[in-house]
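Topology and contacts: notes
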Amino acid sequence: MSLPPIFGTARLLDDPELRFGASGVAVCRVRLAFNSRRKNQETGQWEDSDTLFVDGTVFRQEAEHVAESLTRGMEVIVYGRIKTEQYETREGEKRSATKLMIDGIGPSLKFATAKVQKMSRSGGDRGQQSGGGFGGDDPWQTAAPTPSRSNGGGFDVEPPF
């Protein structure tokens, strides 16, 4: 059985916390608030209703990117899997907490802008080329072909991007 998925828009309650495990793996914790916002038709005012507070965890290189890119108060689009963790307090009480294992997260562009920068992978990844970058299996890494107007209609055959 797989963990239940979640997809939605949330707000970061704090700046992301980046740490490194004993094996050197980056782990980033983000505190999220998912809420339902509705416009009250009688008053014309926006009202917050039910809110789900959840801690999310991102791993490896994405954890480092999250810590560099996102800050408290940002609205983010996030998807991942809900997980319940069992733990015991120092007093010996058994507790559980709902966590979000984040598979993807990024800024919402509804009320903000973002400048995206493609990151180079470090050595050891599949398809790595000696010049850095994402490797030979990335079709967007190669130079675009020169547009041709030989289709008879006077329009570029290649897409404009």
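Residues numbered from 1 in each chain as written. Predicted model: local features only at pLDDT ≥ 70, side-chain atom pairs only at ≥ 80, totals over all residues. Heavy atoms only, no water.

1. Focus on the nonpolar core
What counts here: By nonpolar core we mean a set of buried residues, namely Ala, Val, Leu, Ile, Met, Phe, Trp, Tyr and Cys, connected to one another through side-chain atoms within 4.5 Å. Each residue is assigned to one of three classes by its accessible area relative to the maximum for its type, calculated with a 1.4 Å probe on protein chains only: buried under 20%, partly exposed between the two thresholds, exposed over 50%. Going along the chain from the N terminus, every DSSP run of H or I of four or more residues is numbered as a helix, and every run of E of two or more is numbered as a strand. By definition, residues are in contact when any of their heavy atoms lie within 4.5 Å.
Formed by 17 residues in total, the largest nonpolar core has its most connected members in L32, I102 and I105. Looking at this core, the elements with two or more residues in it are strand 1 (5-12), strand 3 (26-39), strand 4 (46-59), helix 1 (60-69), strand 5 (75-88) and strand 6 (94-107). Top contributing element to this core by residue count: strand 3, with five residues. Setting aside anything within four residues of it in sequence, one finds I102 in contact with V30, L32, G56, T57, V58, V78, Y79 and G80.

2. Description of the side chain of S108
Rule in force here: Pairs of N or O atoms are called polar contacts if they sit within 3.5 Å, as long as, within protein, a hydrogen donor faces a hydrogen acceptor (for residues adjacent in sequence, only side-chain-to-side-chain pairs).
Among the secondary structure elements, S108 is positioned in the segment after strand 6. A distance of 3.4 Å separates the side chain of S108 from the backbone nitrogen of K110, its partner in a polar contact. Beyond its immediate chain neighbours, meaning those up to four positions away, S108 contacts E75, V76 and I77.

3. Re the pattern of salt bridges
The condition is simple: Note on definitions: salt bridges are taken to be side-chain nitrogens of Lys or Arg within 4 Å of carboxyl oxygens of Asp or Glu.
In total, this model carries nine salt bridges according to the counting rule given. Here E75 ties to R11 by a salt bridge, and the two come within 3.5 Å at their closest N and O atoms. With E75 in strand 5 and R11 in strand 1, this pair connects stretches of sequence that are 64 residues apart. The exposure class of E75 is partly exposed, given its relative accessible area of 22%. The partner of D103 in a salt bridge is R81, and the shortest N-O contact between them spans 2.8 Å. With D103 in strand 6 and R81 in strand 5, this residue pair connects regions lying 22 residues apart in the sequence. Classification of D103 as partly exposed rests on a relative accessible area of 35%. With relative accessibility at 33%, the residue R81 sits in the partly exposed group. Sharing partners across several salt bridges, the network here consists of D14, E17, R19, R29, R31, D55 and K99.

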